[in-house]
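What follows is each chain in one-letter form.
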Amino acid sequence: MIELYKTMARIRAFELAAEVASQGGVGVLGAKLDERAKVRGPLHLSIGQEAVAAGVCAHLSREDLLTSTHRGHGHTLAKGGDMRRMMAELFGRAGGSNGGKGGSMHIADFSVGMLGANGVVTAGLPIACGAAQALKLQGKPHLVACFFGDGATNRGPFLEALNWGAVFKLPVLFVCEDNRYSATTATAGLSAGPGVAARALALGVPGETADGNDVQAVHAAAGRLVAKIRAGEGPQLLHALTWRVRGHVSVDTQGYRDPNDLQGAIDADPLRRAREAALAGGATLAQLDAIDAEVRAEIDDAVAFADASPAPDPAEAFTDIQTTGAGAWH
């Protein structure tokens, strides 16, 4: 519980710092941007969902792979991504994990098996299956964890990916982070049938549903499913019911959301529940307070590193680009 709590605390602190750094840098309805903002462009926060990333990634080795969504900071941190380089990436700096080219929504870190966040809903699922197919062909004993939101289950690639995984018994853990909203619309009103787990089972992918705000429940369910995948039983699905406290993007005021629903999300705070569980399990208040202090220092260091990192050389805009035929890229 101490380690799970620390992972969750790091994710929360990172996103709160990024939220502050983005003020004035994320436009809405044509609003003029503040040139002083450190983080520019869309910023999707997973505040309230930290238990899913922490509980699942605790079972992954460095060699296991991971695909994420546009809300991928927590997954990257839980997989072992370097906080300094991640913050620099959000700042669009040369010291970032992707040289400042990916930003928040396309952050990646191949050194820890994080294949990338993705701004296209459901796009990570077929990528995960492709990576798992490669692992299987290469005879490697690793797996791919694929995070996606509930909105993805109403799109075609969800069916295609689960079918692909089941047909070839691929080592994929499909993790549905069900925060109950597809952007600004409640998912329940858009989804027919008995739900995500039933859809997966119909495609030959068994799994479990867990309380996504209870890190112990997520950790236990993910452990059982990962063990099955490593035993060669093929893909499994974890349906984690959680809550999104912030809006779809950081400037979203959530006017579409029932205030009681939002308060319920705040009351179900996974960090508070993890802290209470750790104390009940024998941890001391001094231990948890020490973790909080350590995380604050780490965040301050990451922000300072990002702020001090230089902007990318303009010439870098022309690197990492695949061209066809003769001549330079234009």
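Predicted model only: the values in this text are computed from it and were never measured.

Each value, and the rule that gives it
- Residues numbered from 1 in each chain as written.
- Predicted model: local features only at pLDDT ≥ 70, side-chain atom pairs only at ≥ 80, totals over all residues.
- Heavy atoms only, no water.
- Helix = DSSP H or I, 4+ residues; strand = E, 2+ residues; numbered from the N terminus.
- Rg over C-alpha atoms; globule rule 2.2 N^0.38 Å.
- Buried < 20%, exposed > 50% of the residue type's maximum accessible area, 1.4 Å probe, protein only.
- Salt bridge = Lys/Arg side-chain N within 4 Å of Asp/Glu carboxyl O.
- Pairing = 2+ DSSP bridges.
- Axes fitted to C-alpha atoms, helices over the stretch in contact; angles between N-to-C directions.
- Contact = heavy atoms within 4.5 Å.
- Left-handed = near helix turned anticlockwise from the far one by under 90°.
- Nonpolar A, V, L, I, M, F, W, Y, C, P; charged D, E, K, R; others polar.
- Right-handed = clockwise from strand over helix to strand, strands pointing away.

Q: Explain the overall build of the protein to me, and be specific about the residues and the numbers.
A: Along its length, the protein carries 11 helices and eight strands. Taken over the C-alpha trace, the protein has a radius of gyration of 20 Å; the compact-globule value for 330 residues is 20 Å, and the two agree within 12%. Its C-alpha atoms give the protein principal-axis dimensions of roughly 60 × 50 × 40 Å. Split into buried and exposed, the 330 residues of the protein put 48% on the buried side.

Q: Residue-level account of the pattern of salt bridges, with values.
A: Applying the stated criterion across every chain, the model contains 19 salt bridges. One salt bridge connects R84 with D301, and the closest N-O pair in it is separated by 2.7 Å. Separated by 217 residues along the polypeptide, R84 in helix 4 (residues 83–90) and D301 in helix 11 (residues 285–308) bring together distant segments of the chain. When its relative accessible area of 35% is taken as the criterion, R84 is described as partly exposed. Taking relative accessible area as the criterion, D301 reaches 35% and is therefore assigned partly exposed. For D261, the salt bridge goes to R257, with nearest N and O atoms at 2.4 Å. The same class applies to D261 and to R257, which are both buried. Here the residues in one salt-bridge network are R12, E50 and D269, joined through shared partners.

Q: I'd like a description of the sheet that holds strand 2 (residues 114–116), backed by residues and values.
A: Spatial strand order, 2-1-3-4-8-7: six strands in an open sheet with parallel pairing. Two strands lie at the open edges of the sheet, namely strand 2 and strand 7 (207–211), each paired on one side alone. When the angles between neighbouring strand axes are averaged without regard to direction, this sheet yields 20 degrees. Across three bridges, strand 1 (residues 65–67) lies against strand 3 (residues 144–149) in parallel orientation. In the strand pairing of strand 3, L65 is matched with V144. Along the sheet, helix 2 (residues 50–57) contacts strand 1, strand 3, strand 4 (172–178) and strand 8 (236–241); its crossing angle with strand 4, the most-contacted strand, is approximately 165 degrees.

Q: Explain the packing of helix 2 against helix 8 (residues 215–230) to me, and be specific about the residues and the numbers.
A: A pair of packed helices is captured by two measures, namely the crossing angle of their axes and the spacing between those axes. In contact at an axis separation of 8 Å, helix 2 and helix 8 are set at 35 degrees when each is read in the N-to-C sense. Of the two possible hands of crossing, helix 2 and helix 8 adopt the one that is right-handed. Each of A51, V52, A54, G55 and V56 in helix 2 lies in contact with helix 8, whose residues at this interface are V215, V218, H219 and A222. In terms of residue class, the contact of helix 2 with helix 8 is built from seven nonpolar, two polar and no charged.

Q: Explain helix 4 to me, using residue names and the numbers behind them.
A: An α-helix turns once every 3.6 residues. As a result, residues three or four positions apart point the same way. The buried count for helix 4 comes to six of eight residues, which makes it a mostly enclosed element. All of the buried residues in helix 4 are M83, M86, M87, A88, E89 and L90. Looking at the buried side of helix 4, the elements it contacts are helix 1 (2–21), helix 3 (73–78) and helix 11. A positive backbone phi angle near 75 degrees is found at G92, which sits one or two residues after helix 4.

Q: Describe the pairing of strand 8, listing the residues and the values that go with them.
A: Within strand 8, five of the six residues are buried, which leaves the element mostly enclosed by the surrounding structure. Bridge analysis of strand 4 against strand 8 gives six bridges, and the strand direction is parallel. Residue pairing for strand 8: E177 is matched across the bridge by A240. Relative to strand 8, strand 7 is paired through five bridges, and the arrangement is parallel. Following the sheet pairing, G207 is matched in strand 8 by L237. In this fold, strand 7 hands off to helix 8, which returns the chain to strand 8; that crossover is right-handed.

Q: A description of the pairing of strand 3 should follow, citing residues and the corresponding values.
A: With respect to burial, strand 3 is a largely interior element, five of its six residues being buried. For strand 3 and strand 4, the ladder comprises six bridges, and the chain directions are parallel. Bridge assignment links C146 to a residue of strand 4, and that residue is F174. Crossover strand 3 to strand 4 through helix 6 (residues 156–167) is right-handed.

Q: Can you break down the environment of V249 residue by residue, with the values?
A: Mapped onto the elements, V249 comes out in the loop between strand 8 and helix 9 (259–267). In this structure, the C-alpha to C-alpha distance between V249 and A78, residues 171 residues apart in sequence, is 21 Å. With residues up to four places along the chain from it excluded, the contact list for V249 reads L43 and H44.

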